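# Coordinates in review
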Amino acid sequence: MIPDLGKYAGAVLGSYAVSVALLVALVVVSLWQGARMKRALAEVEARGAPAGQTATRTATRTAGRIGGQGDV
Amino acid sequence: MSIWEYANPKKFMQTSEVLLPWVTGLALVCLVGGLFWGFFLTPDDYKQGSTVKIIYLHVPAAIMGTSAWFMMLITSLIWLIRRHHVSALAAKAAAPIGLTFTVIGLITGAIWGQPMWGTWWAWDPRLTAFLILGLFYLGYIALWAAVDDPDTAADLTSVLCIVGSVFAFLSRYAVLFWNQGLHQGASLSMDAKENVSDVYAWPLWTCILGFLLLFVTLVLLRTRTEIRSRRLQALLARERSAA
């Protein structure tokens, strides 16, 4: 199945191995960071819920500075 | 309907949530399809032999390494001019992706250069500018991490991004006006008299599209993470002040 790469097999396969490893690492780290942040935010939001709307409103206002308005 | 609506974090989160599965799917199809096509179904080049297969990684990675910086330049300018936080966060989110593409471009270029040029590296204008661009990526990421106040960090990194754009420009166009060095001109160009053969060009375009879509996917994903992180910091600050 693998084509005959001749004397350049090491160079070609090495290029693919390094590139795929870097791309996969980038995707995995991005997904992991995203999931970790989502979980942490959900925990803090759940913890802050009984405190009433004040915390949410203030956080919304602060987070709203991110884009000028609105909740995240 | 204005494009500035997407500067609202809530609107960005809603829109990106809908877009992400589609862009991710398209990126996977183009990347896997393009690389399979290029690696398994194209012949060896009469001069370069099987090393021509490195083109499907090297060229898209190098193009996206510089394009990511130009995207960061645009979003940084939007931050500086209009103070939209999502714009600054999108630039921050794009930097590690651009750095990865740049590193892939440098490594695959060195591996390809050794058998074709007889050297892993040459202080050629294009290569040198690309290496400096990679160092600018590192500096940009380090600067974001070093400054506590997010608005100040966004200001400083935006200025750094403007300065680094010189090297992003040089790494792409140096061969056009610096008639020296080992690196050849563009492999694909609308106005060139001679481009790579169609048998290589079509899978190459597919890979370029795949890298572009992967970049969009990861920028959306990482910007969502940055927005959540900013909201988390705001909530924690509120908790601390209430305690």
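In this report, we go over the structure that sits alongside the text. (Residues numbered from 1 in each chain as written. Chains lettered and ligands numbered in written order. Predicted model: local features only at pLDDT ≥ 70, side-chain atom pairs only at ≥ 80, totals over all residues.)

### Some thoughts on the overall build of chain B
Tallying secondary structure elements over chain B gives 6 helices and 0 strands in all. What you see in chain B, going N to C, is helices and strands ordered as α-α-α-α-α-α. For chain B, the spread of C-alpha atoms along the principal axes amounts to about 70 × 35 × 35 Å. A total of 243 residues make up chain B; the buried ones form 46% of that total. Taking the intrachain contacts of chain B between residues at least 6 apart in sequence as the baseline, contacts between residues at least 24 apart amount to 78%. (Helix = DSSP H or I, 4+ residues; strand = E, 2+ residues; numbered from the N terminus. Buried ≥ 20, exposed ≤ 12 C-beta atoms within 10 Å, placed from the backbone. Contact = placed C-beta atoms within 7 Å.)

### Thoughts on the packing of helix 1 (residues 9-48) of chain A against helix 6 (residues 198-242) of chain B
Contact pair helix 1 of chain A / helix 6 of chain B: the axes reach a minimum separation of 9 Å and the direction vectors enclose 30°. If you check the angle between helix 1 of chain A and helix 6 of chain B, you find them roughly parallel. Both helix 1 of chain A and helix 6 of chain B take part in a crossing whose hand is left-handed. Every residue of helix 6 of chain B that contacts helix 1 of chain A at L26, S30, Q33, G34, M37, K38, A40, L41, V44, E45 and G48 of chain A is listed here: L218, L221, R222, R224, T225, R228, S229, R231, L232, L235, L236 and E239 of chain B. Grouping the constituent residues of the contact of helix 1 of chain A with helix 6 of chain B by class yields 10 nonpolar, 6 polar and 7 charged. (Axes fitted to C-alpha atoms, helices over the stretch in contact; angles between N-to-C directions. Parallel < 35°, antiparallel > 145°, perpendicular 65-115°, else oblique. Left-handed = near helix turned anticlockwise from the far one by under 90°. Nonpolar A, V, L, I, M, F, W, Y, C, P; charged D, E, K, R; others polar.)

### Here we look at the interface of chain B and chain A
Counting residues at the interface gives 45 residues for chain B and 36 residues for chain A. Looking at the side of chain B that touches chain A, the elements with two or more residues in it are helix 1 (9-41), helix 2 (55-82), helix 3 (85-117) and helix 6 of chain B. Looking at the side of chain B that touches chain A, the element that brings in the most residues is helix 6 of chain B, giving 16 residues. The residue inventory of the side of chain B that touches chain A, partitioned by class, reads 24 nonpolar, 11 polar and 10 charged.

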